[in-house]
Number of protein chains: 2
Amino acid sequence: MRDAYHEELDALTGRLVEMTRLVRSAISRATTALLDADLQLAESVISHDEEVDRIFSEIETRIFDLMATQQPVAVDLRMVIAALRMGTDLERMGDLAEHVAKVARLRHPDSAIPPEIRSTIVEMGQIAERLVTKAGSCIASRNVELALELEDDDDAMDRLHRRLFKVLMAPDWKYGVEPAIDVTLIGRYYERYADHAVRVARDVVYLVTGSRTPEPDAV
Amino acid sequence: MRDAYHEELDALTGRLVEMTRLVRSAISRATTALLDADLQLAESVISHDEEVDRIFSEIETRIFDLMATQQPVAVDLRMVIAALRMGTDLERMGDLAEHVAKVARLRHPDSAIPPEIRSTIVEMGQIAERLVTKAGSCIASRNVELALELEDDDDAMDRLHRRLFKVLMAPDWKYGVEPAIDVTLIGRYYERYADHAVRVARDVVYLVTGSRTPEPDAV
């Protein structure tokens with residue numbers, strides 16, 4: 001009985017790691033769709049978000065059943081509580097990737113990204129992928145050292161986010177208001193995606209150490 | 001023993017209702033700070049957000065202790081799981097009110113809100129307050145009918161949000177890019193605040209009925 005219980009806890013970890021893979025693929029494809037004004041790719045990100053939602057809903061059911069039948073305590077209880085929180089964050093990361101894809105779709109066949117900020121968006125996409133990849137490794141390995149690394153990556157994301165605003169507000173910005181609105185929202189989506197990845201990593205620290213770090217101080 | 005347990009569950013409800021009061025006051029004061037370019041009021045919203053975070057952290061500790069010592073099942077288990085989720089959403093609503101206040105502070109002594117969109121922001125603030133007030137009543141009364149009302153209020157918020165973009169993108173928008181960025185972000189904060197209130201109401205439905213409605217389809 002006890003073994004089936006621990007297998008179920010491991011399965012939970014596996015499903016969370018699977019969620020990180022899906023939302024990594026989503027932000028990666030959404031970034032490409034945005035940069036290349038690729039409608040088909042944008043549509044695929046939008047339609048695949050359901051899969052993330054489905055896994056999260058499955059995780060919630062498993063956790064409810066685990067709690068009702070096994071009454072986990074100590075580290076196991078921290079695991080199920082952390083899993084609920086991590087699942088919520090990963091589900092939201094899927095939504096944010098979908099939002100990026102929707103901007104790409106809205107502006108197609110044009111690109112929502114003026115040439116001057118292309119490289120910043122490329123970097124934001126790369127950092128988003130790095131963050132979620134590390135978050136997945138943290139969940140799988142329960143590596144607290146690695147979890148702390150995500151804070152630095154998030155700082156890098158915040159710097160890119162500020163750089164974006166600088167370009168938008170520069171006197172030589174020549175694209176007017178509509179692209180500025182798009183870029184403002186896109187920047188916000190990447191920045192929030194990063195915040196949620198940091199929250200996942202902090203939940204790994206909580207799960208291992210039993211102590212909570214404060215929430216990310218989101219912009 | 002059983003009585004102390006139910007008292008503790010009631011206390012949880014009381015703390016969540018207290019969170020709704022605090023984040024209602026926060027969005028109300030943030031809206032006024034924004035409209036009146038009132039720096040002192042903005043600062044007070046920003047400094048009071050800690051209180052919301054503190055209550056949430058206390059709720060989390062209580063829930064962990066409850067789960068570890070009482071092993072709730074059935075509706076009680078749904079209550080603690082829903083409470084964790086509701087607390088997360090309410091904590092985020094506090095952050096979003098703080099973000100609105102920070103825009104007011106950033107632009108002080110100017111106002112971030114051009115006259116043309118003043119009335120829309122007033123309405124968004126009113127709907128945000130109505131949503132969180134109803135969310136608080138739902139938590140206290142477990143009224144499923146009332147919980148469903150929040151969906152309509154959220155639709156009204158989405159309409160205001162779209163109206164905002166329309167004004168920003170109109171050919172006669174004369175304030176340039178910086179105010180457009182401010183208004184884009186502010187609009188997003190109110191819209192997200194409303195989404196989180198709806199999630200709280202949906203958790204009340206879950207807690208009462210045991211069934212989950214899908215996530216709000218956020219813009």
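Residues numbered from 1 in each chain as written. Chains lettered and ligands numbered in written order. Predicted model: local features only at pLDDT ≥ 70, side-chain atom pairs only at ≥ 80, totals over all residues. Heavy atoms only, no water.

Draft legend 1. How the structure looks around the overall build of chain A. Secondary structure assignment for chain A yields six helices and zero strands. Its helices and strands in sequence order give chain A the pattern α-α-α-α-α-α, from N to C terminus. Taking 219 residues into account, the globule formula puts the C-alpha radius of gyration at 17 Å, and chain A, at 19 Å, falls close to it. Structurally, chain A occupies a C-alpha span of about 65 × 30 × 20 Å along its principal axes. Split into buried and exposed, the 219 residues of chain A put 58% on the buried side. Looking at chain A as shown, the accessible area adds up to about 8900 Å², and 51% of this sits on carbon and sulfur atoms. Here chain A carries 27 positive and 40 negative side-chain charges, and the mean point of each set is 2 Å from the other. (Helix = DSSP H or I, 4+ residues; strand = E, 2+ residues; numbered from the N terminus. Rg over C-alpha atoms; globule rule 2.2 N^0.38 Å. Buried < 20%, exposed > 50% of the residue type's maximum accessible area, 1.4 Å probe, protein only. Areas by Shrake-Rupley, 256 points an atom, 1.4 Å probe, with all protein chains shown as cover. Lys, Arg positive; Asp, Glu negative; His and termini not counted. Charge placed at Lys NZ, Arg CZ, Asp CG, Glu CD.)

Draft legend 2. Fine view of the packing of helix α6 (residues 177-209) of chain A against helix α3 (residues 74-107) of chain B. It is at 16 Å that the axes of α6 of chain A and α3 of chain B come closest, and there the two elements cross at 140 degrees. Judged by the angle between their axes, α6 of chain A and α3 of chain B are oblique. For α6 of chain A against α3 of chain B, the interelement crossing comes out right-handed. Every residue of α3 of chain B that contacts α6 of chain A at R188, R192 and R199 of chain A is listed here: T88, E91, R92 and H99 of chain B. Its residues assigned to classes, the contact of α6 of chain A with α3 of chain B comprises no nonpolar, two polar and five charged. (Axes fitted to C-alpha atoms, helices over the stretch in contact; angles between N-to-C directions. Parallel < 35°, antiparallel > 145°, perpendicular 65-115°, else oblique. Left-handed = near helix turned anticlockwise from the far one by under 90°. Contact = heavy atoms within 4.5 Å. Nonpolar A, V, L, I, M, F, W, Y, C, P; charged D, E, K, R; others polar.)

Draft legend 3. Looking closely at the packing of helix α2 (residues 39-70) of chain A against helix α3 (residues 74-107) of chain A. Residue and element names in this part refer to chain A. Following both chains from N to C, one finds α2 and α3 inclined at 165 degrees, their axes separated by 9 Å at the closest point. The orientation of α2 relative to α3 falls into the category roughly antiparallel. Relative to α3, the crossing made by α2 is left-handed. Looking at the contact of α2 with α3, its residues break down into 18 nonpolar, three polar and nine charged.

Draft legend 4. Summary view of the interface of chain B and chain A. Each partner contributes residues to the interface: chain B has 40 residues there, and chain A has 40 residues. For the pairing of chain B and chain A, the buried interface totals around 3200 Å² over both sides, and the portion due to carbon and sulfur atoms is 66%. Linking chain B with chain A are two salt bridges. When the shortest N-O distance is used, the salt bridge between R85 of chain A and E60 of chain B registers 2.4 Å. Where chain B touches chain A, the interface holds two residue pairs in polar contact (both at pLDDT 80 or more). Contributions of two or more residues to the side of chain B that touches chain A are made by α2 (39-70), α3, α5 (144-169) and α6 (177-209) of chain B. (Buried area = accessible area lost by both parts, 1.4 Å probe. Salt bridge = Lys/Arg side-chain N within 4 Å of Asp/Glu carboxyl O. Polar contact = N/O pair within 3.5 Å; in protein donor to acceptor, adjacent residues only side chain to side chain.)

Draft legend 5. Broad picture of the relation of the copies chain B and chain A. In the superposition of chain B on chain A (RMSD 0.0 Å, axial shift 0.0 Å), the rotation amounts to 180 degrees. Each copy turns onto its partner about a two-fold axis. Both copies share a contact surface, since 100% of the interface residues of chain B are interface residues in chain A too. (Least-squares fit on C-alpha atoms with pLDDT ≥ 70 in both.)

Draft legend 6. Examining the environment of D153 of chain B more closely. All names here are of chain B. Within the fold, D153 resides in helix α5. In sequence terms D153 and I127 are 26 residues apart; their C-alpha atoms lie 6.7 Å from each other. Once you skip the residues sitting within four places of it in the chain, D153 turns out to touch I127, R130, L131 and K134. Here R130 takes part through its side chain, which lies 2.9 Å from a polar atom of the side chain of D153. Within the local environment of D153, its side chain forms a polar contact with the side chain of K134, the two groups lying 2.8 Å apart.

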